[in-house]
Amino acid sequence: MKYLKFLKSSMLSIYGYFFFAFVYAPIFLIVIFSFNSNPVNMMIWESFTFDWYKTIFGFTSAATESALYLDSTDQLYAAVQNSLTIALTTTIVATVFGTAIALAVARFKFRLKGFYRALMFLPMIMPDIILGIALLIFFVSVGIELSVFTIIIGHCTFLISYVFIVVSARIADLDTSLEEASADLGANGWVTFRRVTLPMILPGVIGGALLAFIISMDDLVITYFIAGVDSQTLPVFIYGMLRRGIKPEINAIAAIMLLFSIIIASVGLYMRSRKS
Amino acid sequence: MASLETNERRRRVILLGLLTPPTIFLAIFFLAPLAIMVIYSWLEPGLYGGVIWNFYDLNYGRILGWADSKYEKFDLVYLIIFLKSVRLALTTVFISLIICYPAAFWISRMSEGKKNLFLFLITLPFFVSLILRLFAWVLILRPTGFLNQALLGLGIITEPLHIIFTDVAVIIGMTYIFIPFMFLPLYASIEKLDLSLMEASADLGATQFQTFRRVIFPLTLPGIIGGSIIVFIPALGNFIVPSVLGGAKVMMIGNLIEQQFLSARNWPFGSALGMIVMASVLLLLIYYVKIMAREDQMTSAPAVKEVS
C-alpha cells in the first residue's frame, strides 16, 4: 500500500512538473530571448525588440551589422527553399515506397519477407553517421555530384523505413474481413485496394508522410555529409552559424522554426489520436 | 478453378509491382553504399584523399594494434577516444534512465485524458529541430549564459561556471535530446505493471526496497533495456552534440570519423572507424536479442513466481 501512496503522492507530482520544466524550459528560453534587444549578450535582458525578426525577413532594422551573421538574407532563403524542396520530394517517394513494402509484407505471402523486415529495421539501428559516410563514399566514387538531388536520395534511404513502420502498425490494427468481403463480392484486386484497403490505411500513410517530412526537414547528420556547397539545408546552415559563433538573429530563426515544427507535429499527433 | 488461378497470378503481379521499385532503389542507394564502405575500410589510402585498390588491413591495424610503424603507426589514442565515447554514451543512458523512470511512473497513474496530454507533450520535443535544442543549451551553459546569470544573480556562485566545452555539457546535451527515446519504451512497460502485485508484495511483508528490487524492477526490465539501447546507439556515434557543446575539447568517435572524411581526407581509415562503431552496435543488438529470448521464457511462467 505504501507504493500506492507514493505513486499518488505530491512528491512524485512535483518531480513530474520539474521533469517537464527541464524538457520545455530551453525551448521557451529561445522564444523569449528572440525578443531581446541586447546584441552582445543574448541572455541578459535589455529591452523588447522585433529587430531580429525584421532582419531575417529582410526589412531594415536598427540592428548593427556587427551583430549579424548574414550580409543578406539570400543564403538563409536558399537554405529554406532547399529544405522544403528536399522534404517534399522525399516525403512523396518515401511514402510511396514505404507503404508499398508495408502492404506487400502484411498482405502477401512470399519467401523474402524476413529479408524485407530486416532491411526496414537496419536504418533504425544504424548510427546516422554510418549511413552519411557510406552515401558520401558512394556518390563520390560513382561520380554523382553532391547536390539537392543526392540529399533527396539519402533521405529516402532511411525514411522509407519510418513510413514502413508507421503504416505497418496501422495495417496490423485492421481487420481483413472487409477486404475479403470486397473480393467475395467480385471486386478485383485493384478495386479492392483502391476502395477498401487504401481508405483504411490512409491515416497511417498520412502519419508516416508527416513523420517523414519532419525528419527530412530536421536531418543534420546525413545531410551534412552529402550536401554540396550550394545545397545547404536549414539545419546544416544553422549548424554552420553555430560553429562561427552565436549572434542574436539566430534566435528569431529558431523561434520561427519551432513554431513551424510544433504546428506540424501537433496536427500529426492529433490526427493519429483521433483516428485510432 | 481457372478464376482462382488467374487471381493467384494477379496477386503475384501486384506483389512484384509493389516490391520491385523500392527494392531497386534500396539496393542501389542503401545496400550498395554500405557494401562499398565495408570494402573501402580494407583499401589503402592514397595521397590527397583517394584510394589505392590494394588489400590493406592497416586501417584496422592503426586502431587495434597490429600496424607496423613502416606505413602506419598504431596509436592508442583511437581506442581511447572510442572508449571515451562508450563511457559518455553509457553515462547518458544512465542519467536519462534515472530522470525518466519516475516521470513515466507519474504519467502512468494519471487519468486517461491527462495521460494522453502528457504523452503528447513528451513526444513533441522530438519533432523540434535537434540543432535548435542544442543551440538552446549553448545559450544556457555559456559563461555568460542563462544558468550562470541565474546563479550569479542569486549569489550562489561568484565566478561563472565553465560547463560548456566539457564532458558534462556533452552529457547534458545528449541526455536532453534523447529523453523521448528513453521515455517511451520505459513508459510502455511501466504502464503494463499490475498494481495488485505491489500490494501483494507489501502484504507479504516485503519492504519498499524489496518490492522495487524483486517486483517492479524485473517487470519493467524490458523497457529499461529497450530504452537504454535506443539511447545508446545514437549517443555512441554522435558527432553533432560534442561539436556544438564540447567544442574542440571533447572528441568522440563520431568527430574522429567526421574529421577523416571532411578534413584529413583519409576515407579508408574513416570507414574502418565507422565499421568499428557499427560492429559494436551489432554486438550489442545480438546480446539484446539473446536477453529478450530469455526474458520471454521467464515471463511465460507465472509472474507471481518472481515475488518469492
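Here the structure is a predicted model, which is why all the values come from computation and not from measurement.

### A look at the domain arrangement of chain B
Residues and elements named next belong to chain B.
- Each assigned domain of chain B is listed with its residue range as follows: domain 1 (2-64) and domain 2 (76-307).
- Taking only C-alpha atoms into account, the centre of domain 1 sits 32 Å from that of domain 2.
- Between domain 1 and domain 2, the residue contacts involve 14 residues of the former and 13 residues of the latter.
- Of all the elements in the fold, those that place two or more residues in the side of domain 1 that touches domain 2 are α1 (2-40), β1 (43-45) and α2 (58-64).
- The class makeup of the residues in the side of domain 1 that touches domain 2 is 9 nonpolar, 3 polar and 2 charged.

### Re the environment of S96 of chain B
Residues and elements named next belong to chain B.
- Along the polypeptide, S96 turns up in helix α3 (residues 76-108).
- Given 26 C-beta atoms within 10 Å, S96 falls into the buried group.
- C-alpha of S96 to C-alpha of S263: the two residues are 167 residues apart in sequence and 33 Å apart in space.
- Residues within four places of S96 in sequence aside, it is in contact with T175, F178, I179, M182 and V231.

### Considerations on unusual backbone geometry
Residues and elements named next belong to chain B.
- With phi around 65 degrees, F165 is a residue other than glycine that occupies positive phi space.
- When you line up the elements, F165 lands in the loop between α6 (146-153) and α7 (167-191).
- One non-glycine residue, R265, lies in the positive phi region at around 50 degrees.
- Structurally, R265 can be placed in the loop between α11 (253-262) and α12 (267-300).

### Digging into the domain arrangement of chain A
Residue and element names in this part refer to chain A.
- Split by domain assignment, chain A resolves into domain 1 (2-59) and domain 2 (74-275).
- The gap between the C-alpha centroids of domain 1 and domain 2 is 30 Å.
- In this assembly, 11 residues from domain 1 lie in contact with 9 residues from domain 2.
- Listing elements by their share of the side of domain 1 that touches domain 2, those giving two or more residues are α2 (10-33) and α3 (51-56).
- Counted by class, the side of domain 1 that touches domain 2 contains 9 nonpolar, 2 polar and no charged residues.

### Observations regarding the packing of α2 of chain A against α3 of chain B
- Two elements in contact, α2 of chain A and α3 of chain B, have axes whose closest approach is 9 Å; the angle formed by their N-to-C orientations is 120 degrees. It follows from the interaxial angle that α2 of chain A and α3 of chain B lie oblique. Relative to α3 of chain B, the crossing made by α2 of chain A is left-handed. Contact with α2 of chain A, carried on its side by L12, S13, Y15, G16 and F19 of chain A, involves I99, P102, A103, F105 and W106 of chain B of α3 of chain B and no other residues of that element.
- Tallied by class, residues from the contact of α2 of chain A with α3 of chain B come to 8 nonpolar, 2 polar and no charged.

Criteria and cut-off values
Residues numbered from 1 in each chain as written. Chains lettered and ligands numbered in written order. Predicted model: local features only at pLDDT ≥ 70, side-chain atom pairs only at ≥ 80, totals over all residues. Domains from an automatic or database assignment. Contact = placed C-beta atoms within 7 Å. Helix = DSSP H or I, 4+ residues; strand = E, 2+ residues; numbered from the N terminus. Nonpolar A, V, L, I, M, F, W, Y, C, P; charged D, E, K, R; others polar. Buried ≥ 20, exposed ≤ 12 C-beta atoms within 10 Å, placed from the backbone. Axes fitted to C-alpha atoms, helices over the stretch in contact; angles between N-to-C directions. Parallel < 35°, antiparallel > 145°, perpendicular 65-115°, else oblique. Left-handed = near helix turned anticlockwise from the far one by under 90°.

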